[in-house]
Amino acid sequence: MERVIVCVKPVPDPKVWDRLRMDPVTKTLIREGIPSVINPLDRHALEAALAIKDVSGAEVVLLSMAPRDARPVLREALAMGADRAVLLSDKAFAGSDTLATALILTEAIRRIGPFDLICCGNYTLDGSTAQVPSQIAEFLGIPNIMHVAHMELEQDKRMVVTQKIEQGYVKLAAEPPLLLSFTKKANKPRFLSFLEILAAEKREISTWTNTDLNLDESRIGLGGSPTKMADMLLREKGRQGLRLEGSPEEIAHQLANKIRQLGFI
Amino acid sequence: MGEPQIWVFIEQRRNVVHDVGLELLGKARELANTGGARVAALLLGDGVLPLADTLISFGADIVLVADHPALEPYRLLPYTQVLAEACRTRQPDIMLFGATSLGVELAPRLAARLKTGLSAHCIDLQLDADGHLLQMVPGWGGGVVATIKTPEHRPQMATVMPGVMQKPQPAPRSGQVIPLTPSEDLDLSGPRVLEVHREEPQELPLETAEVVVAGGFGVGSPEGWKLLEELARLLGGAVGATRPPVDEGWASEEQMIGQSGKTVRPRLYIGVGISGMSHHVVGMDEAEFVVAINTDPKAAIFEVADLAIVGDQREIIPLLLDELRGRVKVS
Ligand SMILES: Cc1cc2nc3c(=O)[nH]c(=O)nc-3n(C[C@H](O)[C@H](O)[C@H](O)COP(=O)(O)OP(=O)(O)OC[C@H]3O[C@@H](n4cnc5c(N)ncnc54)[C@H](O)[C@@H]3O)c2cc1C
Ligand SMILES: Nc1ncnc2c1ncn2[C@@H]1O[C@H](COP(=O)(O)O)[C@@H](O)[C@H]1O
């Protein structure tokens, strides 16, 4: 294979999610002081691409739509072994829903040029829609497979892909060009080596704006997104909140009574 | 043009309908009754026509059936094509999918083909005064809920988590069955299915259990976990888990409840040794009655509990098992 493109998204570090607060007036999340990491499943997508690079020498290109301050996160992904990165940053992209995001990423992929494979994470931690990859594939007019738990390369670029479903799995025969969305079952992302970290310093991160992509602004960003956020609420919990304290015997007795009273025994 | 239509995609594998399709028919029926719309079920497969009556009894006014050998087993591209053609000719107002592994692959591809909006993993749906679909979506591990609208594009599309809508009672009703004829140039170019492997579920499926006993890291050991399984057996329920017990190997991945796992809405949920992180809570919040047992009086799980028990589960669970078996020592 000659080129594999990996879509990666920086997300707020899940370890500090409990520090996320909502601004009660603007109804937006206050992200200040929350560090970003690569979306965890995107590391599995990258590992799959790097494994292909290991056997075929393919060029691995990272693609990310994110604010400009996402560069350190891309640098880290480069240090895993990717060859170069393209960062899409423009005010005009802000507020894009999944359809608009997929449109922007698709246009960038066309600009990067011919490819054999596009690797994505199965879902992101923050948006968690799992929609962007299928939509990129549709816009590019290529097939896609989600929930990839295993990928095997065969002769002449053919692949056998294992897709996890609720009650088992499906094995599919596929060939490039193709888009795959990876789960964490697919592989174990490699560790960073010191040499690669140094080498990554020299690898290029190109930043493209909409001047480069030239997309009609009525199709991107907040205004170009078909879905609109009408409201955002903290989840409220209307529960009885009765407390039960005492000796374990007493508690067990009262709980058993409650369970009988609810009709379960 | 006639009345607006609410479409529900019916997922079936080997001619067995996934429950989420029936749950969505129930919700669609409710929305249709307030908004004066008709409910259509979309059924694709090979030899699926006999399922149409069932779908009508669960609330469909119309069943649109594409019965074709190339539609079994499911493949993404032909399914997208059949649905897109149907949408273009019949112009539904709303189209709903279950957020299953199949639904979350198919719905976004279709939305992109139709260039319309799609919201993911909804936990509730309502109509506003103008008849727009309000799509309630959990965000940030479930700590917040966003309301999404698709004001201008049609259909308004959404995927809905399995288990969050109530499956309706089937009733004798009448409805119309309309065949959809897939076009001659059905796109069969994508990946070919080599094998569909099924692992039979061993236990009662979590999503439909009336009682869920869920364990967290505070269960502490495989031995402790066995006692939870015994408790679930006694109550005719299923065992669920948070993430740490799955990581520890006490429970299987299929048992995980929450944002990255399953959504349950049992009549009784008993959470044992669970702290109550929003990632987990988003998957159990809809339970009817919630009991939580935790040593920490400030545990967040108590905020979503009807009965908050401060205590050590290692002492309470064995005694509770004795109580329920009617084997209490008289002191
Ligand atoms: C993106 C993301 C997605 C996630 N998705 C999920 C998900 O889908 N589902 C999920 O569950 N988690 C999920 N997690 C993990 C989640 O954040 C929490 O780490 C997890 O839910 C905590 O599990 P726990 O309550 O069992 O463990 P802990 O938080 O360690 O809590 C253990 C509790 O047990 C109590 N305890 C200890 N000993 C005893 C005793 N003897 N008797 C009684 N109580 C005792 C303690 O007081 C404590 O409250 C996700 C995390 C991330 C970042
Ligand atoms: N802004 C983005 N930039 C690059 N890739 C993205 C972006 N958003 C989503 N993706 C890709 O799509 C996958 C699924 O994302 P989502 O649909 O948001 O859950 C991610 O794991 C990424 O591979």
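Refer to the structure printed above.
Now for a look at the structure at hand.

Along chain B, the regular secondary structure elements total 8 helices and 18 strands. Over its C-alpha trace chain B gives a radius of gyration of 22 Å, about what one expects of a compact globule, namely 20 Å for 331 residues. The dimensions of chain B, computed from C-alpha atoms along their principal axes, are 75 × 45 × 35 Å. Looking at chain B as a whole, 59% of its 331 residues are labelled buried. Pairs at least 24 residues apart make up 63% of the contacts formed inside chain B by residues separated by at least 6 positions. As displayed, chain B has an accessible area near 13400 Å², and 50% of this comes from carbon and sulfur atoms. Chain B carries 28 positive and 43 negative side-chain charges, and their two centres are separated by 2 Å.

With that out of the way, let us pick up the site of ligand 2. Residue and element names in this part refer to chain A. Around ligand 2 sit 19 residues, and of these Cys 7, Asp 42, Thr 124, Thr 129 and Ala 130 come closest. Contact distances for ligand 2 include 3.0 Å between a nitrogen atom and a backbone N or O atom of Met 65. Broken down by secondary-structure element, the contributors of at least two residues to the shell around ligand 2 are strand E6 (59-65), strand E8 (117-121) and helix H4 (132-140). Of all the elements, E6 adds the most residues to the shell around ligand 2, at 3 residues. In terms of residue class, the shell around ligand 2 is made up of 10 nonpolar, 7 polar and 2 charged.

Residues and elements named next belong to chain B. Evaluated as defined, the whole model comprises 27 salt bridges over all chains. In this structure, Arg 325 engages Glu 230 in a salt bridge whose closest nitrogen and oxygen atoms are separated by 2.0 Å. Residue Arg 325 is found in the segment after helix H8 (313-324), and its partner Glu 230 is found in helix H5 (residues 222-234); the two are separated by 95 residues along the sequence.

So, on to empty space enclosed by the protein. Inspection of the entire model under this criterion finds 1 cavity of 30 Å³ or more. Roughly 30 Å³ of volume is contained in the largest cavity. Looking at the largest cavity, the residues that line it are His 147, Gln 163 and Ile 165 of chain A together with Arg 13, Tyr 74, Ser 101, Leu 102 and Glu 105 of chain B.

This paragraph deals with the environment of Ser 64 of chain A. Residue and element names in this part refer to chain A. The topology assignment puts Ser 64 in strand E6. With relative accessibility at 0%, the residue Ser 64 sits in the buried group. The sequence separation of Ser 64 and Gln 155 amounts to 91 residues, and the corresponding C-alpha distance is 31 Å. Setting aside its immediate chain neighbours within four residues, Ser 64 contacts Val 8, Lys 9, Pro 10, Leu 74, Val 86, Leu 87 and Leu 88. Among the polar contacts made by the side chain of Ser 64, one reaches the main-chain carbonyl oxygen of Val 8 at a distance of 2.7 Å.

Most peptide bonds are trans, and most residues other than glycine sit at a negative phi. Cis rather than trans, the peptide bond between Pro 176 of chain A and Pro 177 of chain A has omega equal to -5°. Structurally, the position occupied by Pro 177 of chain A is in the loop between strand E11 (168-174) and strand E12 (178-182). Put simply, Glu 72 of chain B and Pro 73 of chain B share a cis peptide bond, and its omega is -5°. Relative to the helices and strands, Pro 73 of chain B resides in the loop between strand E5 (62-67) and helix H3 (76-90). Its identity is not glycine, yet Gln 91 of chain B carries a phi of approximately 55°, on the positive side. The topology assignment puts Gln 91 of chain B in the loop between H3 and strand E6 (94-98).

What follows covers the interface of chain A and chain B. With 74 residues of chain A in contact, the opposing surface of chain B contributes 83 residues. Summing the contributions of chain A and of chain B, the shared interface buries around 7000 Å²; its carbon and sulfur component is 60%. On the surface where chain A and chain B come into contact, there are 3 salt bridges. Note that Arg 113 of chain B and Glu 138 of chain A form a salt bridge whose closest N and O atoms lie 2.8 Å from each other. Viewed at the interface, chain B and chain A are joined by 28 residue pairs in polar contact (both at pLDDT 80 or more). Taken together, the elements giving at least two residues each to the side of chain A that touches chain B come down to H4, strand E9 (144-153), strand E10 (159-165), E11, strand E14 (228-234), strand E15 (242-244) and helix H8 (248-261) of chain A. With 10 residues, H8 of chain A is the largest single contributor of residues to the side of chain A that touches chain B. Residues that form the side of chain A that touches chain B fall into these classes: 40 nonpolar, 15 polar and 19 charged.

Now for the site of ligand 1. Around ligand 1, the surrounding shell holds 27 residues, and the nearest of these are Thr 242, Ser 260, Ser 275, His 279 and Asn 294 of chain B. Bordering ligand 1 are residues originating from chains A and B. Backbone polar atom of Arg 243 of chain B to an oxygen atom of ligand 1: 3.1 Å apart, as the coordinates give it. Measuring from an oxygen atom of ligand 1, one finds a backbone N or O atom of Gln 259 of chain B at 3.0 Å. About the coverage of ligand 1: the protein hides 81% of its 990 Å² of free accessible area. If you list the elements that add at least two residues to the shell around ligand 1, you get helix H6 (243-248), helix H7 (278-281) and H8 of chain B. When grouped by side-chain class, the residues that make up the shell around ligand 1 number 8 nonpolar, 15 polar and 4 charged.

This part is about the packing of H3 of chain B against helix H4 (residues 103-114) of chain B. Residue and element names in this part refer to chain B. At a minimum axis distance of 9 Å, the contact between H3 and H4 shows a crossing angle of 45°. By the angle between their directions, the pair H3 and H4 is classed as oblique. Every pair of crossing elements has a handedness; the one defined by H3 and H4 is right-handed. Contacts from Leu 76, Leu 77, Tyr 79, Thr 80, Gln 81, Leu 83, Ala 84, Cys 87 and Arg 88 in H3 reach Glu 105, Leu 106, Arg 109, Leu 110, Arg 113 and Leu 114 in H4. For the contact of H3 with H4, a count of residues per class yields 9 nonpolar, 2 polar and 4 charged.

The next thing to look at is a nonpolar patch on the surface. On the surface, Phe 194, Leu 195 and Leu 198 of chain A cluster together into a nonpolar patch covering about 370 Å² of accessible area. You can see Leu 195 of chain A is positioned in helix H5 (residues 194-200).

This part covers the sheet that holds strand E9 (residues 133-139) of chain B. Taken together, the 4 strands give an open sheet; going across it, the order is E14(A)-E10(B)-E9(B)-E8(B), and neighbouring strands pair in antiparallel fashion. Two strands bound the open sheet, and with one partner strand each, they are E14 of chain A together with strand E8 (124-127) of chain B. Adjacent strand axes in the sheet meet at a mean angle of 25° when their direction is disregarded. Examined bridge by bridge, E14 of chain A and strand E10 (residues 144-149) of chain B share 6 bridges and lie antiparallel to one another. Note that in E10 of chain B the partner of Leu 233 of chain A across the bridge is Val 145 of chain B. Packing against the sheet, helix H1 (residues 19-35) of chain B makes contact with E8 and E9 of chain B, and its axis sits at approximately 15° to E8 of chain B.

Conventions adopted
Residues numbered from 1 in each chain as written. Chains lettered and ligands numbered in written order. Predicted model: local features only at pLDDT ≥ 70, side-chain atom pairs only at ≥ 80, totals over all residues. Heavy atoms only, no water. Helix = DSSP H or I, 4+ residues; strand = E, 2+ residues; numbered from the N terminus. Rg over C-alpha atoms; globule rule 2.2 N^0.38 Å. Buried < 20%, exposed > 50% of the residue type's maximum accessible area, 1.4 Å probe, protein only. Contact = heavy atoms within 4.5 Å. Areas by Shrake-Rupley, 256 points an atom, 1.4 Å probe, with all protein chains shown as cover. Lys, Arg positive; Asp, Glu negative; His and termini not counted. Charge placed at Lys NZ, Arg CZ, Asp CG, Glu CD. Near = heavy atom within 4 Å. Polar contact = N/O pair within 3.5 Å; in protein donor to acceptor, adjacent residues only side chain to side chain. Nonpolar A, V, L, I, M, F, W, Y, C, P; charged D, E, K, R; others polar. Salt bridge = Lys/Arg side-chain N within 4 Å of Asp/Glu carboxyl O. 1 Å grid on protein atoms, 1.4 Å probe; cavity = no way out; pocket = protein on both sides within 12 Å on 5 of 7 lines; lining within 4 Å. Points joined across faces, edges and corners; volume = space filled by probe spheres on them. Buried area = accessible area lost by both parts, 1.4 Å probe. Axes fitted to C-alpha atoms, helices over the stretch in contact; angles between N-to-C directions. Parallel < 35°, antiparallel > 145°, perpendicular 65-115°, else oblique. Left-handed = near helix turned anticlockwise from the far one by under 90°. Patch = residues over 30% accessible without salt bridge, like charges linked within 9 Å, V, L, I, M, F, W, Y side chains within 5 Å. Pairing = 2+ DSSP bridges.

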